[in-house]
Amino acid sequence: MSDRTPAPTTIPAADRAACFAARYAGATDAPGDGPWSPVVADLMNHRSVRGFLPDPLAAGTLETLVGAAQSAASSSNLQSWSVVAVEDPARRARLAEWSNHQRHIAVAPLFLVFVADLSRASRLAAARVRPAAALDRFDMLLVAVTDAAIAAERLVVAAEALGLGTVYIGALRNRMAEVAAELALPRHALPLFGLSIGHPDPAVVTAVKPRLPQALVLHRERYVTPDDEADRIAAYDGAMRAFEARQGMAVLDWSDKVLNRVADAASLGDRAAIGAVTVALGFGMT
Ligand SMILES: Cc1cc2nc3c(=O)[nH]c(=O)nc-3n(C[C@H](O)[C@H](O)[C@H](O)COP(=O)(O)O)c2cc1C
């Protein structure tokens, strides 16, 4: 992996200290030394890509990526996820429209929809005339969602290792029922999120987006709310404001983004109602 050609948008981060400095905007409280590997460097260099070239992917790319995704761990090896690969421009355009008109869905040559998929188990039970009463239990939904998310992230890591760019599309859930119908999903199959994949446009520079300090995220033995949580969040707001200004993005405190999102159900838009859609698609909440 270490001798691969770096993606055009990759900012070289030579060592552990540089990776930590970039990820925590210079505010890392991690010790200076520790185990390190090029794989971890690649993970810490992740950034979402929203500027794509329309160029097609090399033959066999999709199969390589899905092989990496299927190599992920899976709860009880039930493998309760699927992925729908959408290349058709008209279908991508429709999915883009339903996802707040996000342009990258229409531009990038490949759009993957990750599906929490209990339909295989359901079909298996029907074919063998066996009961499947647990299918509508909430834990089965959690199992399938977790499997799909873990597999998707493995696919993202593989894509980045191949020099490709990706961006997840949670806005796909705005129109969950329509997406399920568009992709002909069977009952017990839930579209969770999309992923645009393509060659990054070298004219669009991306950067590592700072994360919260580890002191707020990492708890040792038991969860302890840090005394200085408010101060550390204020410092992180400052780091994010600086990042957004550098990137030419709208400047908004991270804390305001969180507060806006959790203020009321209306802030979720159509997603406020996906509990009912999830049940209608065959999943249970009990
Ligand atoms: C489940 C999920 C859904 C997301 N949905 C969107 C989306 O609809 N549109 C978008 O531009 N980015 C989306 N993102 C990307 C996040 O905005 C991005 O990961 C976050 O801002 C951190 O930036 P980074 O990935 O560059 O580190 C999503 C990410 C995840 C994990």
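Residues numbered from 1 in each chain as written. Predicted model: local features only at pLDDT ≥ 70, side-chain atom pairs only at ≥ 80, totals over all residues. Heavy atoms only, no water.

1. A word on the overall build of the protein chain
- Looking only at helices and strands, the protein chain has 12 helices and four strands in total.
- Each principal axis of the C-alpha atoms in the protein chain carries an extent, and together these give about 60 × 45 × 40 Å.
- Here the protein chain holds 286 residues, and the buried ones make up 39% of them.
- Considering only intrachain contacts with a sequence separation of at least 6, the fraction spanning at least 24 residues in the protein chain is 77%.
- Looking at the protein chain as shown, the accessible area adds up to about 15,500 Å², and 57% of this sits on carbon and sulfur atoms.
- One way to put it: in the protein chain the 28 positive side-chain charges average out to a point 5 Å from where the 30 negative ones average out. (Helix = DSSP H or I, 4+ residues; strand = E, 2+ residues; numbered from the N terminus. Buried < 20%, exposed > 50% of the residue type's maximum accessible area, 1.4 Å probe, protein only. Contact = heavy atoms within 4.5 Å. Areas by Shrake-Rupley, 256 points an atom, 1.4 Å probe, with all protein chains shown as cover. Lys, Arg positive; Asp, Glu negative; His and termini not counted. Charge placed at Lys NZ, Arg CZ, Asp CG, Glu CD.)

2. Remarks on the site of the ligand
- Taken together, 13 residues form the shell around the ligand, and within it His 46, Ser 48, Arg 50, Gln 102 and Lys 209 come nearest.
- Contact distances for the ligand include 2.6 Å between an oxygen atom and a side-chain N or O atom of Ser 48.
- Between the ligand and Ala 171 there is a distance of 3.3 Å, counted from an oxygen atom to a backbone nitrogen or oxygen.
- Calculation on the ligand without its partners gives an accessible area of 620 Å², and the protein chains cover 69% of this total.
- Assessed atom by atom at 2 Å from the grid points, the ligand resides in the largest pocket.
- For the shell around the ligand, a count of residues per class yields four nonpolar, five polar and four charged. (Near = heavy atom within 4 Å. Polar contact = N/O pair within 3.5 Å; in protein donor to acceptor, adjacent residues only side chain to side chain. 1 Å grid on protein atoms, 1.4 Å probe; cavity = no way out; pocket = protein on both sides within 12 Å on 5 of 7 lines; lining within 4 Å. Sits in = over half its atoms within 2 Å of the grid points. Nonpolar A, V, L, I, M, F, W, Y, C, P; charged D, E, K, R; others polar.)

3. With respect to the layout of surface pockets
- In this structure, the largest pocket occupies an estimated 1,200 Å³ of space.
- Along the wall of the largest pocket there are 35 residues; nearest its centre are Ser 48, Arg 50, Lys 209, Met 249 and Lys 257.
- Put simply, the parts of the chain that give the lining of the largest pocket at least two residues each are β3 (165-169), α10 (229-246) and α11 (254-262).
- Here the lining of the largest pocket gets five residues from one element, more than from any other, and that element is α11.
- Among the residues forming the lining of the largest pocket, the class breakdown is 16 nonpolar, nine polar and 10 charged. (Points joined across faces, edges and corners; volume = space filled by probe spheres on them.)

4. Re the packing of helix α3 (residues 61-70) against helix α7 (residues 138-161)
- Contact pair α3 / α7: the axes reach a minimum separation of 7 Å and the direction vectors enclose 135°. Taken together, α3 and α7 sit at an angle that is classed as oblique. Remark: the crossing between α3 and α7 carries right-handed chirality. Across the interface between the two elements, Leu 65, Val 66, Ala 68 and Ala 69 from α3 touch Ala 151, Arg 154, Leu 155, Ala 158 and Ala 159 from α7.
- When its residues are assigned to classes, the contact of α3 with α7 shows eight nonpolar, no polar and one charged. (Axes fitted to C-alpha atoms, helices over the stretch in contact; angles between N-to-C directions. Parallel < 35°, antiparallel > 145°, perpendicular 65-115°, else oblique. Left-handed = near helix turned anticlockwise from the far one by under 90°.)

5. What about the confidence of the model for the protein chain?
- Per-residue confidence for the protein chain gives a mean pLDDT of 93, with 95% of residues at or over 70.
- When mean pLDDT is taken per element in the protein chain, strand β1 (residues 81-86) scores highest with 99 and helix α1 (residues 16-23) scores lowest with 92.
- Counting interchain partners and residues more than four positions distant, the pLDDT-below-50 stretch residues 1-13 has 23 contacts. (pLDDT = per-residue confidence, 0-100.)

6. A closer look at the packing of aromatic side chains
- If you walk through the whole model with that rule in mind, you get six aromatic pairs.
- A centroid spacing of 5.8 Å and a plane angle of 35° characterise the contact between Phe 20 and Tyr 24, whose relative ring orientation is tilted.
- A ring pair is formed by Tyr 236 and Trp 254, whose centres lie 5.5 Å apart and whose planes are at 75°; its orientation type is edge-to-face. Remark: Trp 254 occurs in helix α11 and Tyr 236 occurs in helix α10; sequence separation between them is 18 residues.
- By relative accessible area, which is 25% here, Trp 254 ends up partly exposed.
- Within the aromatic cluster, the residues linked to one another by ring pairs are Trp 81, Phe 114, Tyr 168 and Phe 193.
- Positioned over the ring face of Phe 20 is Arg 16, at 4.7 Å from the centre of the ring. (Phe/Tyr/Trp six-rings, centres within 6.5 Å; stacked < 30°, edge-to-face > 60°. Lys NZ or Arg CZ within 6 Å of the ring centre and 35° of its normal.)

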